[in-house]
Every structure is written in structure tokens, then in C-alpha cells.
Amino acid sequence: MKTEQSQSLFAKAQQLIPGGVNSPVRACKSVGCDPLFVKRAAGSKIYDVDGNEFLDFVCSWGPMILGHSHPSVVEAIEKTLRDGTSFGAPCALEVELAELVIKALPSVEKVRFVSSGTEATMSAIRVARGYTGRKVVVKFDGCYHGHADSFLVKAGSGVITLGIPGSPGVPEDIVKNTLSIPYNNPEILEKTLRDKKLDIACVIVEPVAGNMGVVAPQPGFLQKLRSLTAELGIILIFDEVITGLRLAQGGAQEYFGVMPDLTCLGKIIGGGLPVGAYGGKRELMDTVSPVGPVYQAGTLSGNPLAMAAGIATMQQLAQPGFYAALEEKAARFARGLVMLAEKYLPGQTTLNRVGSMMTPFFTAGPVVDFDSAMRADTERYGRHFREMLAQGVWLAPSQFEAAFISSAQSEADLDMALEKTECSFKKLAK
Ligand SMILES: *Cc1c(COP(=O)(O)O)cnc(C)c1O
């Protein structure tokens, strides 16, 4: 595979941008290679600057559920573009997307648009704290909620470990108000939430974890989370930045039938442009300025191009049978992966899948939380990643991320990916 152009761009980028990238995982460090620079993407494929073609399972980390450059999304952006790119004043497209989001997400009565998932989660905990007058945020080990200070808490062990900074630059004073507890552990959850000394404002959760690799909530976990938080007057926030519009139009809340108080969205609702959103019960959302005192603002929030891309994307997702077709495709592909793993790497892999998001872990499993995910053999994943890339398949450059199925991937695409996987697993088995 030719990589000269990428190599020379990367050399230059490293002089100009920290690590040569604008988001760290892209640097491909954990899989032992240098990043490829992308020139363009269309449908299920992504093309680098050296002219190599890849079948894409990253899908821009989730947003591209329709594949790249979907004609109706491109058309919507082009049409909107001609009338200007940002107004700093309300526009009709914001109302239209808000209406679609509220209709799709069963627990959302009012929504505020921002420009990233990070802004959405950051704002949602501000609302929860403002509304309850309490301080502490409970999160789960291995869940990612963007890079705001409050969420960068190293996973602590034990029932209740007060947060220590997971990054220099994040003051102890801030993260001491964040508690991180194990995912899928109802006993620790209950004990933590019932501790009156803790002054808990909210619990934030990825209803299907996607940022320690895909980890499904065990049966009853989300229901328990809902009933405890409701009983104790704690705000429940679903971070559906990945799962929203991914598992169903109504996200994980529709998929599992569990309703949070606040929902964070991102990725898919921007159709590939920078958008985030947070929304929920009217009573909570009306604490946000200018109605209420909880301040939150954004120069480019509700950007017309991003709104247009989101609307066009949501219109496609609303077509009858969209999610059933995606599920069928993902299930068939996953069956293929499991068969290959059993044949070549028996007892050495676990496939976690919910709908069109999945992670093959290189560990016997089961993978149900951060600790069990960490047992995966990342060196082996790195070898698999590099082999697949060389064979024209673009996987996430980390074991602890999801592979996404898009509507643009054809059966032939997925069969090709299975063939390449077979070659890679054969080599790994040696
Ligand atoms: C990607 C992600 C975020 C952060 O979104 P950005 O747009 O990258 O700021 C937050 N929560 C979850 C679950 C995510 O996957």
C-alpha cells in the first residue's frame, strides 16, 4: 500500500498540530501505525491522499449512518449554503430539526442545539445541578461523555472512590464532584445513590456503552437506574450521542423502553456536520436561559448548514424499515464474524453487538464493564487493525471503540469484509 502522501502530510502536521491530529485516537498510536490522511469519502468507502480505497467501519465515529456524501444530505447542504452559512439569529431550520428531534425522542419535550457532544453533556449536567441545587455527578467507569473537566475522571476502584483528575489541567476541586462507579453493577449503583451524604445531582450514562468498546446494559440495569433515580429525586441523563438515532429513531430510550429526564445527542443529528443537542422534560429545559437562570450559549449553535444536514438525515431515517434493514445486515455480519472467530480463534474473542454498533474484543469475555474490557489483547487488535487496513478495510484505530454498520454498506461490502477478516484471523491464529 502506498502511503507517501500521508507520510509527508503527517510529518508536516506534527510540526503544526499536537501529534499531527485534532483528536487523539486518530493518531493511531494504540494500533502501532501512522494515520492515513483522507481525501474524500462516498457511500461505504473512504479514499486516502495516496489513492487507496477502504471500506469504512468508523463512519466518522458514528455520524455517517447513511454512509458518506449521501445525495439528499449533500443536496440539503448545498441548497442551504447559497443563503448564507451563519446568521447568529434564529432560523426556520432550527425549528424544523427541533420538531423532528422531539417527535423522534420519546422523553424529549424541549431541545437546545449546541455544536458538539461535549457541549451537550457539559450543559446537561449544568441543568441538572442548577435544577437540583446539588453538586455531585455520578458516571460509570469506561463511559465517555466528551472532554469537559467534570468527565475526565480516572476510573476509581471500590464502592465509592472520590474522583482524581484523569488529565493534568483538570483541578481536583472540580472532579471531586464526580463519582465514577462500575457499569452494570446494580449493587454498587444502589449503595452509591442511596448515600445521602453524597449530594448527588445526576447520573449520566451511555445507555449502551460505546467508548470502552460496545458494552450492552445487562437486563434490568437501566430500569434499576431509572427507578432509583426517580425515587431519590436524582436527574437521570442518557448520553445518547452515539445511540440516539443509531439504535432506533428514538435512540436507546425507545430501544429499551426506559425514559431519562435529560438526553444528550450529537453525531448522527448533525448528519456529518458539527452539532450536539440536549433536551428533556419541559420543566428541566425551562431552567435554561433566557427562560431560566442556567446559562448556556453558542455563536454557531443552530447553524443553518448543520440543521439542514440533520434534517435531511432524519428524513432518511424515518423511512419505513430503515432500522429493521440495518439490524438484519448487522446481525448477518456479526454471525459471520462469530463463525470466523470460533473457527480460527476459539475461546479467544467476544463479540458485543447492539443493533448496528459492535466490537469484537480479543478476550474470552464476557465483556460487561471497564475491567473486563481492559482484559482484551490490544496488541492483537493492533495486528488485526493493520492487516485489515492493508486489505482495504478501515476499522477504528483502537480496541475500545465501536464498529458501525451504515445503510450504505452493501451485502457485497460486508462479505468482502468477512473474507478479509478470515485472512487476518488465520494469521493471528498462527
Ligand atoms: C463522541 C461522544 C461524545 C462527545 O462528542 P463530541 O462531539 O466529540 O464532543 C459524548 N458522549 C458520547 C457517548 C460520545 O460517543
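Quantities reported herein were computed from a predicted structural model and do not represent experimental measurements.

Colleague: So, the sheet that holds strand β13 (residues 393-394): which residues are in play, and what are the values?
Modeller: Strand order in the open sheet formed by 4 strands is β1-β2-β3-β13, and the pairing between neighbours is mixed. Among the strands making up the open sheet, the edge pair consists of β1 (38-42) and β13. Judged from the 3 bridges that link them, strand β2 (residues 45-48) and strand β3 (residues 53-56) form a sheet pairing that is antiparallel. Of the residues in β3, the one forming a bridge with Tyr47 is Glu53.

Colleague: Outline the pairing of β2, listing residues and values.
Modeller: Of the two faces of β2, the one holding Lys45 and Tyr47 and the one holding Ile46 and Asp48 are both buried throughout. Both β1 and β2 contribute to a ladder of 4 bridges, which runs antiparallel. Each residue of the ladder has a partner; that of Ala42, found in β2, is Lys45. Counting the residues in the hairpin turn of β1 and β2 gives 2 residues, including Gly43, whose phi is positive at 60°. The antiparallel pairing of β2 with β3 creates a hairpin that spans 4 residues between the two strands, and Gly51 there sits at a positive phi of about 90°.

Colleague: Just give me the short version of the packing of helix α6 (residues 186-193) against helix α7 (residues 221-232), but keep the residues and values in it.
Modeller: It is the contact of α6 with α7, at a shortest axis distance of 11 Å, that shows an interaxial angle of 10°. Overall, the two elements α6 and α7 adopt an arrangement that is roughly parallel. Counting all contacts with α6, which are made through Pro186, Leu189, Glu190 and Leu193, the residues of α7 involved are Phe221, Lys224, Leu225, Leu228, Thr229 and Leu232. A class-by-class count of the residues in the contact of α6 with α7 yields 7 nonpolar, 1 polar and 2 charged.

Colleague: Describe the sheet that holds strand β5 (residues 136-140), and please don't skip the residues or the numbers.
Modeller: The strand order across the open sheet formed by 7 strands is β4-β10-β9-β8-β7-β5-β6, and the pairing between neighbours is mixed. The open sheet has two edge strands with one neighbour each: β4 (110-114) and β6 (178-181). Mean inter-strand twist for the sheet, computed between neighbouring axes without regard to direction, equals 20°. When strand β9 (residues 262-265) meets strand β10 (residues 276-280), the two strands line up antiparallel, connected through 4 bridges. What sits directly across from Thr263, in β10, is Gly279. Strands in contact with α6 are β5, β6 and β7 (200-205); relative to β6, the strand with the most contacts, it is inclined by about 155°. Relative to the sheet, α7 contacts β5, β7 and β8 (235-239), its axis offset from that of β8 by approximately 150°.

Colleague: Which residues make up the pairing of β10, and what values go with them?
Modeller: Counting buried positions over the 5 residues of β10 gives 5, a clear majority of the element. Neither face of β10 is open: one carries Gly276, Tyr278 and Gly280, the other Ala277 and Gly279, and all of them are buried. Two strands pair when backbone bridges link them, and β4 and β10 are joined in this way by 5 bridges, in the antiparallel orientation. Counted as the bridge partner of Arg112 is Tyr278 from β10.

Colleague: So what's going on with the site of the ligand? Residues and values would help.
Modeller: The immediate surroundings of the ligand are formed by Ser116, Gly117, Thr118, Tyr144, His145, Gly146, Glu206, Asn211, Asp239, Val241, Ile242 and Lys267. One nitrogen or oxygen atom from the main chain of Gly117 is found 2.9 Å from an oxygen atom belonging to the ligand. A total of 380 Å² of accessible area belongs to the ligand in isolation, and the protein chains cover 83% of it. Of the residues contributing to the shell around the ligand, the split by class is 3 nonpolar, 6 polar and 3 charged.

Colleague: Please set out the side chain of Asp413 residue by residue, giving values where relevant.
Modeller: As for its position among the elements, Asp413 is in helix α14 (residues 411-429). Discounting chain neighbours no more than four positions away, the residues touching Asp413 are Ser44, Lys45, Leu55 and Ala408.

Colleague: Could you give an account of the environment of Tyr278, with specific residues and numbers?
Modeller: By the secondary structure assignment, Tyr278 is in strand β10. A sequence separation of 137 residues divides Tyr278 from Asp415, and the C-alpha atoms of the two residues are 38 Å apart. Polar contacts involving the side chain of Tyr278 include one to the side chain of Gln296, which spans 2.8 Å.

Colleague: So what's going on with the pattern of salt bridges? Residues and values would help.
Modeller: Summed over all chains, the structure comprises 17 salt bridges. For Arg282, the salt bridge goes to Glu109, with nearest N and O atoms at 3.9 Å. In this pair, Arg282 sits in helix α9 (residues 282-285) while Glu109 sits in the loop between α3 (92-104) and β4, placing the two residues 173 residues apart along the sequence. A relative accessible area of 37% means that Glu109 is categorised as partly exposed. Across the pair Arg332 and Asp415 runs a salt bridge, and its minimum N-O distance is 3.0 Å. Of the two residues, Arg332 sits in helix α11 (residues 322-344) while Asp415 sits in helix α14, which places them 83 residues apart along the sequence.

Conventions used here
Residues numbered from 1 in each chain as written. Predicted model: local features only at pLDDT ≥ 70, side-chain atom pairs only at ≥ 80, totals over all residues. Heavy atoms only, no water. Pairing = 2+ DSSP bridges. Helix = DSSP H or I, 4+ residues; strand = E, 2+ residues; numbered from the N terminus. Buried < 20%, exposed > 50% of the residue type's maximum accessible area, 1.4 Å probe, protein only. Axes fitted to C-alpha atoms, helices over the stretch in contact; angles between N-to-C directions. Parallel < 35°, antiparallel > 145°, perpendicular 65-115°, else oblique. Contact = heavy atoms within 4.5 Å. Nonpolar A, V, L, I, M, F, W, Y, C, P; charged D, E, K, R; others polar. Near = heavy atom within 4 Å. Polar contact = N/O pair within 3.5 Å; in protein donor to acceptor, adjacent residues only side chain to side chain. Areas by Shrake-Rupley, 256 points an atom, 1.4 Å probe, with all protein chains shown as cover. Salt bridge = Lys/Arg side-chain N within 4 Å of Asp/Glu carboxyl O.

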